Amino acid sequence: SPADAAGLIQFEMSGLLQENLWVLLLDTRNRVIKIEKLYQGSLNSSSVRIGELFKAALTQSAASIILAHNHPSGDPTPSPEDITLTRAAQNAGHLLDVEVLDHIVVGHNKFISMKDRGLGFS
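Draft legend 1. Local environment of the nonpolar core. In this structure, Leu25, Leu53, Phe54, Ile65, Leu67 and Val100 are the most contacted members of the largest nonpolar core, which totals 19 residues. Every element with two or more residues in this core is listed here: strand S1 (20-26), helix H2 (50-59), strand S3 (64-70), helix H3 (80-96) and strand S4 (99-106). Look past the residues within four positions of Ile65 in its chain and what remains in contact with it is Val23, Leu24, Leu25, Leu53, Phe54, Ala57, Val98, Glu99, Val100, Leu101 and Asp102. Counting residues in each nonpolar core, the second largest holds 12 residues, with Ala6, Trp22, Ile66 and Ala68 among its members.

Draft legend 2. Representation of the pattern of salt bridges within the structure. Counted by the stated rule, this structure contains four salt bridges. Across the salt bridge formed by Asp27 and Arg31, the nearest N and O atoms sit 2.9 Å from each other. Judged by its relative accessible area of 18%, Asp27 falls in the buried class. On the accessibility criterion, Arg31 (47% relative accessible area) is partly exposed.

Draft legend 3. Just the sheet that holds S3, in detail. Within the open sheet, the five strands sit side by side as S2-S1-S3-S4-S5. Their pairing is mixed. Each end of this open sheet is capped by a strand with a single partner; those strands are strand S2 (32-40) and strand S5 (111-113). Across this sheet, the average inter-strand angle for adjacent strands is 20°, counted without regard to direction. For S3 and S4, the ladder comprises seven bridges, and the chain directions are parallel. Paired with Asn70 across the bridge in S4 is Val106. Lying over the sheet, helix H1 (residues 2-14) contacts S1, S2, S3, S4 and S5, oriented at roughly 45° with respect to S4.

About the criteria used
Residues numbered from 1 in each chain as written. Predicted model: local features only at pLDDT ≥ 70, side-chain atom pairs only at ≥ 80, totals over all residues. Heavy atoms only, no water. Core = buried A, V, L, I, M, F, W, Y, C linked by side-chain atoms within 4.5 Å. Buried < 20%, exposed > 50% of the residue type's maximum accessible area, 1.4 Å probe, protein only. Helix = DSSP H or I, 4+ residues; strand = E, 2+ residues; numbered from the N terminus. Contact = heavy atoms within 4.5 Å. Salt bridge = Lys/Arg side-chain N within 4 Å of Asp/Glu carboxyl O. Pairing = 2+ DSSP bridges. Axes fitted to C-alpha atoms, helices over the stretch in contact; angles between N-to-C directions.

What follows is the structure, given as C-alpha cells:
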C-alpha cells in the first residue's frame, strides 16, 4: 500500500534539505528487494533520465518499482514536472515489463500517493 511504502522512506526523506529521488525495487510479491537512491537535486528540483529509473530494476530482476521523492519545502503536493515524470516512467515501464506501482511524494510528516490521486497514472 502507499502507506507501507511511505513508512519505509518517510522518516529519512522528510529531513533531507535537497530534493532526492529514490526507487523501491520490488519482487513479484511486492516485497522490497532494494531501495536505490538515484538522484540528489537542488533545493526544489532534480533532473532525472527515465532510463536511469529502470537500470537497477533490470539488473536486480525487479518485477515492479515505486518512485519516491521528497519536497524539502514540506508540502508534498505534486508539481506538473512530477506528473510528467510519472507519466513518462509509467510508459517506459510498460515497454520494459517493469510496472510502476506508485510515485510517493514526501513532505514534512505527510506524503501523497500520486496513484491514489490519479496523477500521471492511466
